[in-house]
Structures are given as structure tokens and as C-alpha cells.
Amino acid sequence: MASTWNALILLIILSILLQQTKHAGSIGVNYGLNGDNLPNPATVVQLFNSHGIQKLRLFAPNLQVQQALEGTNINVSLGVANDDLANLAGSQAAANEWVKTNILPFSKTHYQYVTVGNEAIPGPNSQQVAPAMRNIKTALNSAGLSQITVTTVLANTALSFSFPPSQGAFSAEATPAITAVLQFLNEQEEPNRVLMVNVYPYFAFAADPQHVTLEYAQFTAPGTVVNDHGLEYQNLFDAMVDAFYAAMENVGVGSVRIAVSETGWPNGGQSGITSPVLAETYNQKLIDHVKNSGTPKKPSYFMDVFIFAMFNENQKTPGVEQCFGLFYPSGQPVYSVSFN
Ligand SMILES: *[C@@H]1O[C@H](CO)[C@@H](O)[C@H](O)[C@H]1NC(C)=O
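This is a predicted model, so every value here is computed, not measured. (Residues numbered from 1 in each chain as written. Predicted model: local features only at pLDDT ≥ 70, side-chain atom pairs only at ≥ 80, totals over all residues. Heavy atoms only, no water.)

Peer 1: How should I be thinking about the packing of helix H6 (residues 126–142) against helix H7 (residues 175–186) in this particular structure?
Peer 2: The relative placement of two packed helices is expressed as an angle between their axes plus a distance between the axes. Axis separation between H6 and H7 bottoms out at 7 Å; the angle between their running directions is 15°. Judged by the angle between their axes, H6 and H7 are roughly parallel. Seen along the crossing, H6 lies across H7 with a hand that is left-handed. Together, Ser126, Gln127, Val129, Ala130, Met133, Arg134 and Lys137 of H6 and Pro176, Ala177, Ala180, Val181, Gln183, Phe184 and Leu185 of H7 make up the contact between the two elements. A class-by-class count of the residues in the contact of H6 with H7 yields 9 nonpolar, 3 polar and 2 charged. (Axes fitted to C-alpha atoms, helices over the stretch in contact; angles between N-to-C directions. Helix = DSSP H or I, 4+ residues; strand = E, 2+ residues; numbered from the N terminus. Parallel < 35°, antiparallel > 145°, perpendicular 65-115°, else oblique. Left-handed = near helix turned anticlockwise from the far one by under 90°. Contact = heavy atoms within 4.5 Å. Nonpolar A, V, L, I, M, F, W, Y, C, P; charged D, E, K, R; others polar.)

Here it is as C-alpha cells:
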């Protein structure tokens, strides 16, 4: 009897240890504000809560939205605007001020990430990203907020190669600024060593439907589509993420993890390949996938993923860009997705 109990206790301890080696990711949604008919922030926050959406990404500080988030359990990712990078990179005092203005007043909100620059590399502000990240991190640390992860957001255009995934490489233009970012991230303690990337199988499929199948882009392929040196890819999302891991390894960085700052599928705007049904399929399968598995390269790391976006936004570029919303501005779902 005693030995049965011992074995049982050992099993429980083992399973707890196994659990801990896994990083449980969770799903969030991007809250874009480029619409003149969107509900007020308090209503939007209610919508997040009533649909069980536990994380929210905001592209830049916004007093009203941040006030509406006070006292909720929603984990927030807050962006530093690209226009502020030069100032923040050049001055610790400016970074201290940014934190004082945009984080400290909201002491009843759980800020999980600060994203310094959005798709700023490559670009005119490339070289300012890493120094701005350092200054913001220093400012957060001195304010007693060292648990907040400071990162930046890369677009797929930062890669010059993404296929096959093992050949992933940053472009020559992007490499110096990304190397500086990765050096900073490498110095951070876990769980703060995270790079954010935007991953859109939709655009890869729309650009090359001859070679990319809808099933591969939508997590509906019945089996392996790409076998890359023994790593088996059944969906394009994983392949695109793993290309970023390979690109990091190519510049000598193996320990920085990835979170997906944007992914999604338009519910309209391009006939034949966009519809509420297709968007529902992509987003629901995405949620089910990332909650239960990592990528072939990092099978035990379940990523944080932010879906783009909460609303159809009528002030974005006409076409698909206006149609990424899970919800209409009325608050009605465009299609139904379960976050649980
Ligand atoms: C919220 O953020 C903290 C870290 O800051 C993390 O431990 C927790 O898992 C997050 N929760 C969700 C739902 O993302």
C-alpha cells in the first residue's frame, strides 16, 4: 500500500515537473482604433471579458482605453509609437517620462508586454529600436516593474528567406538592427526573453495560390505538407514562425522565444479567398492549435498569440485591410469563435 502511494506521489511530482517545462501560451486580440464608428473603450473591454479574451494589444498609449482597462484581469501589451523611438533611444530621461506617463498611472492594470516600435525594422528608425528598448527597460526596472517584458514587433519583411523554414534568414538590411535587439533580449531573464513577430499565412497564400494551398494556410491539411529535414509541417503558420527561429539561430541566438503579435484572416475584401467562414476556420483552428501545441522546432513552447483584430476598421485602406475584425463596430460577432 505504502509503495503504491509513493509511486503515485512520484507520478504527481513528475507530471508537475513536465508541466513546468511547457510554457502555456494564451490568446489575445489586437485592439485597433482606425474606425469612426467603434464602440467606446468601456464597451470594448466588456466585449473582451464576455468572450473570455484574456489579453489585449494596444498599438500606442491611449488614455481612455487604458482607463477602461483599470481593475480588469486583462493582460495588456502596450506599444511605443515609431515616432517616439528617436527621442526614447537618445534619452534615459525621455524613457523614464514615457513610463511615468503611460504605465505608472495605471497601477491596477496588468501590463505584460511593452512593444518598442511596430515593424520598425527595416526602416528609417531601425537603429533606434534596441537603444529605446534598453532605456524603456531601465525605466521600468527603476519603477519596480521588472516583470514587464520589453520587446519589439517584426514583420515578415524582416526575413529575406522563409522557405523552407530551416533556411529562414534576416535580410541584410534588417540584420544589424535585429542583432542589436537580440543582444538586448538575450541579456534578459526568463520569461522576458521574447521577440514578437507578425505572421500572416493569408498574405502568403494570396500572393502565391499556385504553390500555397488554402488547406495548408488554414490548418486544414490532412497530413504533412512540408518535410524539412525531418520536421513535419502541416500548416503554414508553424512554418512561418519556425523561419524566424531559424533566422535567429543563423545570427547565433538560440534562447529567445517568439510570441505572435498579429495573425488573422480577412472576412471580406477579396472575393473567393476571404469570407466570414474562411476567417472563422482560420482563427478557430489557430486558437485550438496554439493552445495545444508548439511548432515543430519548439514543440513544448506554447506561444502567446494576438489575433488581428477586434473590429472591422473603416478608416483603414479599403479592401481586406478593413475586414480583419472578429466583430462589427456594433459589437455583433462577424462569425463565432470560441476562446476557451
Ligand atoms: C498574464 O501575464 C503574466 C506575466 O506577466 C503571466 O504569468 C500570465 O500567464 C498571463 N496571463 C495570461 C492569460 O496571459
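Peer 1: What is the right way to look at the site of the ligand in this model?
Peer 2: As a structural note, the neighbourhood of the ligand is formed by Ser26, Gln54, Lys55, Asn75, His110 and Gln112. Within the side chain of serine 26, one N or O atom sits 2.8 Å away from an oxygen atom of the ligand. Glutamine 112 places a side-chain nitrogen or oxygen 3.4 Å from an oxygen atom of the ligand. Contact with the protein chains hides 57% of the accessible area of the ligand, taken as 360 Å² for the molecule alone. Across the shell around the ligand, the residue classes tally to no nonpolar, 5 polar and 1 charged. (Near = heavy atom within 4 Å. Polar contact = N/O pair within 3.5 Å; in protein donor to acceptor, adjacent residues only side chain to side chain. Areas by Shrake-Rupley, 256 points an atom, 1.4 Å probe, with all protein chains shown as cover.)

Peer 1: I would appreciate a short explanation of the sheet that holds strand E1 (residues 27–31) in the present structure.
Peer 2: For sheets, the rule is that strands pair by backbone hydrogen bonds, running either parallel or antiparallel. Strand order in the closed barrel formed by 8 strands is E1-E2-E3-E4-E5-E8-E11-E12, with parallel pairing between adjacent strands. When strand polarity is set aside, the average angle formed by the axes of neighbouring strands in this sheet is 25°. Its contacts with the sheet put helix H2 (residues 41–50) on E1 and strand E2 (55–58), and the angle it makes with E1 is roughly 160°. Across the sheet, H6 touches strand E4 (110–118) and strand E5 (149–154), and the angle it forms with E5 is around 155°. (Pairing = 2+ DSSP bridges.)

Peer 1: Looking at this model, I keep getting lost on the pattern of salt bridges. Mind explaining?
Peer 2: Per the counting criterion, the structure on display carries 5 salt bridges. Between glutamate 262 and arginine 57 there is a salt bridge; the shortest N-O distance is 3.3 Å. Of this pair, glutamate 262 sits in strand E11 (residues 257–263) while arginine 57 sits in strand E2; the two residues are 205 residues apart in sequence, bridging distant segments of the chain. Here glutamate 249 ties to lysine 297 by a salt bridge, and the two come within 3.1 Å at their closest N and O atoms. (Salt bridge = Lys/Arg side-chain N within 4 Å of Asp/Glu carboxyl O.)

Peer 1: What's the story with the pairing of strand E3 (residues 75–80) in this structure? I'm lost.
Peer 2: Looking along a regular strand, one sees side chains alternate from face to face of the sheet. Taken across its 6 residues, E3 has 6 buried, putting it largely inside the fold. Pairing analysis gives 4 bridges linking E2 to E3, with the strands arranged parallel. Counterpart to arginine 57 in the pairing with E3 is serine 77. In this region the chain leaves E2, passes through helix H3 (residues 63–69) and returns to the parallel neighbour E3; the handedness of that crossover is right-handed. Relative to E4, E3 is paired through 6 bridges, and the arrangement is parallel. Paired with valine 80 across the strands is valine 116, a residue of E4. (Buried < 20%, exposed > 50% of the residue type's maximum accessible area, 1.4 Å probe, protein only. Right-handed = clockwise from strand over helix to strand, strands pointing away.)

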